[in-house]
Amino acid sequence: MIEVVDVWYRYPEGSVALRGVSLQIERGEFIAIMGENGAGKTTLIKHFNGLLKPQRGEVFVDGINTKESSIAELSKKVGVVFQNPDHQLFSSTVEEEIMFSLNNLNIDADEARRRMEWVLKLLDLERYRKRSPFSLSGGEKKRLALATILCMKPKVLVLDEPTMGQDFEQKMKLAELLQNLVRKGTTVVVVTHDVEFAAMYFPRVVLMARGRIIADGVPEDVLTNDEILRRASLIPPQATKIAWEVSRELEDFPRKIIRVKELYEAVISLVR
Amino acid sequence: MAIEMFRGFEFKRRDTLIHRLDPRTKLIMSLSILVSSLIFDKIIPLLLVFLISFALISISKSVTEWYKSIKGLSVLFLIILIVNSFAYSLSFAIAMCIRLVNFVTAFSLFFLTTHPDDLAHALISLRIPFEIAFAFSMATRYVPTLAREAQIIAEAQMSRGLELQKGGFLQRVRNLIPLIVPLVICSIKRALSVAESLESRCFGAVKKRTYLHELKFGLWDFLMSFAFLGLVIWSAVTTFLVGYPRVFTLELPI
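Residues numbered from 1 in each chain as written. Chains lettered and ligands numbered in written order. Predicted model: local features only at pLDDT ≥ 70, side-chain atom pairs only at ≥ 80, totals over all residues. Heavy atoms only, no water.

A. Local environment of the overall build of chain A. A tally of helices and strands in chain A yields eleven helices and ten strands. The globule rule puts the C-alpha radius of gyration for 272 residues at 19 Å, and the 20 Å found for chain A is close to it. Counting only C-alpha atoms and orienting by the principal axes, one finds that chain A spans roughly 65 × 45 × 30 Å. Put simply, chain A has 272 residues, and 54% of those count as buried. Carbon together with sulfur atoms contributes 49% to the accessible area of chain A, which is approximately 12700 Å² in total. For chain A, the separation between the mean place of its 39 positive charges and that of its 39 negative charges on side chains is 2 Å. (Helix = DSSP H or I, 4+ residues; strand = E, 2+ residues; numbered from the N terminus. Rg over C-alpha atoms; globule rule 2.2 N^0.38 Å. Buried < 20%, exposed > 50% of the residue type's maximum accessible area, 1.4 Å probe, protein only. Areas by Shrake-Rupley, 256 points an atom, 1.4 Å probe, with all protein chains shown as cover. Lys, Arg positive; Asp, Glu negative; His and termini not counted. Charge placed at Lys NZ, Arg CZ, Asp CG, Glu CD.)

This is how it looks when you write it as structure tokens:
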């Protein structure tokens, strides 16, 4: 679905953000991209919808080279939800905010109406439809920002730090929503700092550090590799930390544990 | 383009003679360039002022940034050139262009080499109240932040299928609404939170305050200040009292 081939990118101010990144994302995948601040995560996802064009290397979306397509054309396929919803909300009502995206794509009125209803319901925003986006709470604004992208029905949905400032319940709801989208065939890529969130829900984790991908695989491998985590300045999930502590005392205690449930099962089987 | 232009006015930390000068000296230098460029209206003397100010830009190692702002104004130069050569003469048009270049150079010289805090310092030493000087330096400090934010907002809206370059003139103006509204709202929000954090750090609690750096007027400051005040006096005297020397009045044959 998205193919990144040896991409280099340097900002005009001089800092090199990507140093030869290659990544293959298949249709229907659910991927977390992680790494410390300045690792190049946001720069990478801006390449997915053509906001940035690689200076060296190539990015293909659905077989099309991003260099040969416009941002508007690509954003029909790849929807990017930015970190701060304040950077995109401007309309006087929630409904108009969603309609803005749909009108940009020139979708006919009936279909647009249908999609708006669908997305309002999906993101639990129905009761705010006539409210001003600015009167919403932080979490609601984030959901609205997601709605303005989701209504375009992109094949690939990319979210930058969707869990920041969200309480636990909202995080769970978001994860459920994303999992549902994946089940229906959408490809979902999430940039996140939240190790627990990644460990809980994602079948594939990509770790970045200093403009390079340093690990790519199942979270059971990536998030339990001490050396790689240190290079990405990440702390392993709490369940992993406990497993490591225990394994120092008991040699054959499994170290590749990332979820509480697995830890619980390991402990129970030990006791038995 | 618009964002690039501001780069030419953004402070860059460098260690050169110009950067080390007292901000008041730099204020005098920049104002002198402005005033003498306003007094002169012929190519040769304006070119002379330009050479002096360009030399200063080169000493401060800021030619690239300066060039960016000149390039950003290229459309304006073209308009001035065309309008003035039709209304007056080509010589006058060129002189006016050089005058504008001098203006930009004077501003670049000051803002590229003066840290916003030093700017506030310079204003305070000119007996401007601290609150106003502080507000002024904050404003310049936030220009690059605002430019960066505008870029992010444009990217966010383009991700929603907004095409900034599409449509006729009216449509393009309408396209700016999704950029301007979030920018204004974010700025107001930031202003409020900055105000709160200033107050929680006792901003304005006492009338007289101390400063981390004290300004010092050194030898170079005296030399430069006198030289540039001299430039203003000389330009006024030649223009209003003595009259231009012959070379100054040389014009293009057409």
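B. Region of interest: the sheet that holds strand β9 (residues 204-209) of chain A. Residues and elements named next belong to chain A. Read across the sheet, six strands follow the order β6-β7-β8-β3-β9-β10 without closing on themselves; strand pairing throughout is mixed. In this open sheet, the two edge strands, each paired with only one partner strand, are β6 (78-81) and β10 (212-217). Between one strand axis and the next, the sheet turns by 15 degrees as a mean value, whatever way the strands run. Bridge count between β6 and strand β7 (residues 156-160): four bridges; the pairing is parallel. Its bridge partner being in β7, Val-81 is matched across the sheet by Leu-159. (Pairing = 2+ DSSP bridges. Axes fitted to C-alpha atoms, helices over the stretch in contact; angles between N-to-C directions.)

C. Structural view of the layout of surface pockets. All names here are of chain B. Approximately 1000 Å³ is the volume attributed to the second largest pocket. The wall of the second largest pocket is formed by 40 residues, among which His-115, Asp-117, Asp-118, His-121 and His-213 lie closest to the centre. Ranked by the residues each element gives to the lining of the second largest pocket, the list is headed by helix α8 (residues 116-125), at six residues. Per-class residue counts for the lining of the second largest pocket are 18 nonpolar, nine polar and 13 charged. Two domains each donate at least three residues to the lining of the second largest pocket, and these are domain 1 (1-114 + 217-254) and domain 2 (129-212). (1 Å grid on protein atoms, 1.4 Å probe; cavity = no way out; pocket = protein on both sides within 12 Å on 5 of 7 lines; lining within 4 Å. Points joined across faces, edges and corners; volume = space filled by probe spheres on them. Nonpolar A, V, L, I, M, F, W, Y, C, P; charged D, E, K, R; others polar. Domains from an automatic or database assignment.)

D. Examining the packing of helix α9 (residues 130-158) of chain B against helix α11 (residues 177-199) of chain B more closely. Residue and element names in this part refer to chain B. Interaxial distance between α9 and α11 falls to 10 Å at its minimum, and their mutual angle equals 140 degrees. Taken together, α9 and α11 sit at an angle that is classed as oblique. Seen along the crossing, α9 lies across α11 with a hand that is right-handed. Across from Phe-134, Met-138, Tyr-142, Thr-145, Leu-146, Glu-149, Ala-150, Ile-153, Ala-154 and Gln-157 in α9, the residues of α11 making contact are Pro-178, Leu-179, Pro-182, Leu-183, Cys-186, Ser-187, Arg-190, Val-194 and Leu-198. (Parallel < 35°, antiparallel > 145°, perpendicular 65-115°, else oblique. Left-handed = near helix turned anticlockwise from the far one by under 90°. Contact = heavy atoms within 4.5 Å.)

E. Representation of the environment of Phe-90 of chain A in the model. Structurally, the position occupied by Phe-90 of chain A is in the loop between β6 and α3 (94-104). Taking C-alpha positions, Phe-90 of chain A is 8.2 Å from Phe-134 of chain A, a pair spaced 44 residues apart along the chain. Once residues lying within four places of it in the same chain are set aside, the contact partners of Phe-90 of chain A are Glu-97, Phe-100 and Phe-134 of chain A together with Gln-157, Arg-160, Ile-177, Pro-178, Val-181 and Pro-182 of chain B.

F. Inspection of the nonpolar core at higher detail. Within the largest apolar cluster, 56 residues are counted, with the highest numbers of intra-cluster contacts made by Met-34, Ile-98, Leu-157, Leu-178, Val-188 and Leu-207 of chain A. In this structure, Ile-2, Val-7 and Val-80 of chain A together with Ala-156 of chain B belong to the second largest nonpolar core, which totals 32 residues. (Core = buried A, V, L, I, M, F, W, Y, C linked by side-chain atoms within 4.5 Å.)

G. Structural context of the sheet that holds strand β1 (residues 2-10) of chain A. All names here are of chain A. Judged by pairing direction, the sheet is antiparallel, and its four strands sit side by side in the order β2-β1-β4-β5 without closing on themselves. Each edge of the open sheet carries a strand with a single partner, namely β2 (16-25) and β5 (64-65). In this structure, β1 lies alongside β2, joined through seven bridges in antiparallel fashion. When the sheet's bridge partners are listed, Val-4 is paired in β2 with Leu-23. Contacting β1, β2 and β4 (56-61), helix α1 (residues 41-48) runs over the sheet at an angle of about 55 degrees to β2.

H. The arrangement of the side chain of Arg-115 of chain A in detail. All names here are of chain A. Relative to the helices and strands, Arg-115 resides in helix α4 (residues 109-122). Relative accessible area serves as the criterion here: at 14%, Arg-115 is assigned to the buried category. With sequence-adjacent residues up to four places away left out, Arg-115 is seen in contact with Leu-102, Ile-107, Cys-151, Met-152 and Lys-153.

I. Seen up close, the pairing of β4 of chain A. Residue and element names in this part refer to chain A. In this sheet, β4 lies alongside β1 in antiparallel orientation, the contact comprising five bridges. If you follow Glu-3 over to β4, its bridge partner there is Phe-60. In this sheet, β5 lies alongside β4 in antiparallel orientation, the contact comprising two bridges. Bridge pairing in β5 places Val-61 opposite Ile-64. Hairpin connection, β4 to β5: the antiparallel pair is bridged by two residues, and Asp-62 has positive phi, about 55 degrees.

J. Representation of the packing of α3 of chain A against α4 of chain A within the structure. Residues and elements named next belong to chain A. Direction vectors running N to C along α3 and α4 enclose 125 degrees, while the axes themselves pass 10 Å from each other. One way to sum up the angle between α3 and α4 is to call them oblique. For the crossing formed where α3 meets α4, the hand is right-handed. Contacts between α3 and α4 involve Val-94, Glu-95, Ile-98, Met-99 and Leu-102 from the former and Ala-112, Arg-113, Arg-115, Met-116, Val-119 and Leu-120 from the latter. Of the residues assigned to the contact of α3 with α4, the class counts are eight nonpolar, no polar and three charged.

The values reported here are purely geometric and, on their own, carry no functional implication.
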